[in-house]
Each structure stands twice: as C-alpha cells, then as structure tokens.
Amino acid sequence: MNPEEYRVMAELEGVQWWYAGMRRIARALLTPLLPAPAAGRRILDAGCGTGWNLQELSVFGDTYGVDLSPLAVITTRRRGGRVTQGNLLGLPYASSSFDVVTSFDVLYHAWVVDDAQAVRELARVLKPGGLMLVKVPALRILWGAHDEAVHSRHRYTRTELEQLLEGAGLQLVRSTYANSLLFPVLLTRRFLDRALNRHGSDVSLLPPLLEKLFGGLLSIEASLLGAMNLPIGASVFAVARKAHA
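Keep in mind that this is a model prediction, so the values were computed, not measured.

Chemist: Which residues make up empty space enclosed by the protein, and what are the values?
Modeler: To locate leftover empty space, one rolls a probe as large as a water molecule over the atoms. One pass over the structure, following the stated rule, counts 1 cavity of 30 Å³ or more. Its volume calculated, the largest cavity comes out at about 40 Å³. If you trace the largest cavity, you find it lined by Arg23, Ala26, Arg27, Leu30, Asn53, Glu56, Leu57, Phe60 and Phe104. Looking at the lining of the largest cavity element by element, the count peaks at 4 residues for helix H2 (residues 17-30).

Next up, the structure:
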C-alpha cells in the first residue's frame, strides 16, 4: 500500500464510519463464539495494518499482529501493539500457535499472489478447535477507483470465500455480506467513478451528519447479524473453525 494511504489510515481508522462500523460487525460475529476473555487465549491479526484491530480484539484475549509492511509495523508498535514483520504466504510462527486468527481486507491485495496458500498458512498457525474470521471486499460489480488506489487484486463473492476456507480444511461456521444497507449508494458511486474516470481511495472523513448516519446504519447491521445473515453487501465476512486432530 502507498505510504500516503497508511498515513491517512493511521489518522482516520479510529473514527471514520466505515472502519468503526466494520469493527462493530466483526465483534458481533465473534462475541457469541468466544466466551469472555480466557486466560492465555492468543489472537493473531494477520495483515494488521496500523493496529487498530488489535485494540478491538483485545476484549477477547492477548493480541498479536503480523504485517508485510515495515511502515505498518512501526505504526502499530507506536500504538503499543505486539507486531512482527512477516509475509502471509509464510507466517513466522509455529503451527498451532493461536486460538483465534483474523484477517481483515488482506487476501484481496495484489501482493497476495496465492490466496489459497495464504488461507492454508492462516489455518496452519491456528490451534485445533480454534476460530478464524476473514473479511474481504465483495462483488466485482463494485470495483472502482478505491480498489485501484489500494492495489486490489480481486473482490470476492460469499461462495468464493467459503470455498477458500473449506479448501484449507476448515469447517465453516457462518458467512455473510456486510455494508448492505448502503449497497445502492455504493453501487451508484462506483458507476459514477467509472463514468467520470475518478481516481483515488475512499478513505476520508465525510461531513459529520453523513458520518453519523452511515455509522448508524452499520450499527444496525451489527445488531441484525445477531439473528441473520445479510444477502448482499460491499464486504463479505466468514467465520470457520479448525477441526480437532
């Protein structure tokens, strides 16, 4: 990712509506599956970026991050996170090292040249019985200027993500689209991107009223996911479990 994009992420990831909303959704998916923090529970966020997710995941246990980018490692350490530089295709950890493994918007990236191998590596470092949560951008129809700015390789369907996890020998627990209530707005934006030949990422603060509105819609989705999966959206989440030996 471009250094400037990391700088913007580091400034906005704690407050911007999309980042905050995605963290709420991830927590809603994990909470029913992970009892209150268990002593010694180890959680790895693979592709931890600027480290905000480590803070959010700390409610479930001890968090560790790994990222390919030296800039991401420096930024996360400044925030107090435990992080190692490493490649998702060959993680610098022993097998069965973590109780929970997460990956937020990493598999889609251009440098992940083999997403199946990346998922196998995530599964390798996961303990038997452990949980994996993966989030990726969804649906090729939403491809736009933002994808090009952040060096995207692919946008996934729910079925594609399920097949990746099951292909690594994991047992699917659930999968769902997210950022669904705003899907018509996002689809319109992408068509306009192409029509107007717009360039650049979407990572910026909106006017306060829109930040509050869009963030509120993602909060509603987080509540809905306690009872149902969502049929379409700009992101797709999947949770899977590694079988006991």
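Chemist: Tell me about the pattern of salt bridges, residues and numbers included.
Modeler: Under the defined criterion, the tally for this structure stands at 10 salt bridges. When the shortest N-O distance is used, the salt bridge between Asp193 and Arg198 registers 2.6 Å. We classify Asp193 as buried; its relative accessible area is 4%. Residue class for Arg198 comes out partly exposed when judged on its relative accessible area of 25%. Connected through shared salt-bridge partners, Arg189, Arg190, Asp193 and Arg198 make up one network.

Chemist: Give me the layout of surface pockets: which residues, what numbers.
Modeler: The calculated volume of the largest pocket comes to roughly 1100 Å³. Around the largest pocket, the lining is made up of 47 residues, and of these Trp18, Tyr19, Asp105, His146 and Val203 lie nearest the centre. When residues of the lining of the largest pocket are traced back to their parent elements, those giving at least two are helix H1 (3-12), H2, strand S5 (126-137), helix H6 (145-149), helix H8 (183-196) and helix H9 (208-224). In the lining of the largest pocket, the residues fall into 24 nonpolar, 11 polar and 12 charged.

Chemist: Could you give me a rundown of the packing of aromatic side chains, with the residues and numbers involved?
Modeler: According to the stated counting rule, one finds 4 aromatic pairs in the structure shown. Taking the centre distance of 5.0 Å and the plane angle of 70° together, the rings of Trp17 and Phe214 count as edge-to-face. Highlighted residues: Trp17 in helix H2 and Phe214 in helix H9, separated in sequence by 197 residues. Residues Trp17 and Phe214 agree in their burial class; the two are buried. Taking 5.0 Å as the distance between ring centres and 90° as the angle between the ring planes, the aromatic pair formed by Tyr93 and Phe98 counts as edge-to-face. The pair formed by Tyr93 and Phe98 is uniform in burial state, with each residue classed as buried. Taken together, the ring pairs in this structure connect Tyr64, Tyr93 and Phe98 into an aromatic cluster. The positively charged end of Arg42 is found above the aromatic ring belonging to Tyr64, 4.5 Å away from the centroid. Note that Arg82 overlies the ring of Tyr64, its terminal NZ or CZ placed 4.5 Å from the centroid.

The rules we used
Residues numbered from 1 in each chain as written. Predicted model: local features only at pLDDT ≥ 70, side-chain atom pairs only at ≥ 80, totals over all residues. Heavy atoms only, no water. 1 Å grid on protein atoms, 1.4 Å probe; cavity = no way out; pocket = protein on both sides within 12 Å on 5 of 7 lines; lining within 4 Å. Points joined across faces, edges and corners; volume = space filled by probe spheres on them. Helix = DSSP H or I, 4+ residues; strand = E, 2+ residues; numbered from the N terminus. Salt bridge = Lys/Arg side-chain N within 4 Å of Asp/Glu carboxyl O. Buried < 20%, exposed > 50% of the residue type's maximum accessible area, 1.4 Å probe, protein only. Nonpolar A, V, L, I, M, F, W, Y, C, P; charged D, E, K, R; others polar. Phe/Tyr/Trp six-rings, centres within 6.5 Å; stacked < 30°, edge-to-face > 60°. Lys NZ or Arg CZ within 6 Å of the ring centre and 35° of its normal.

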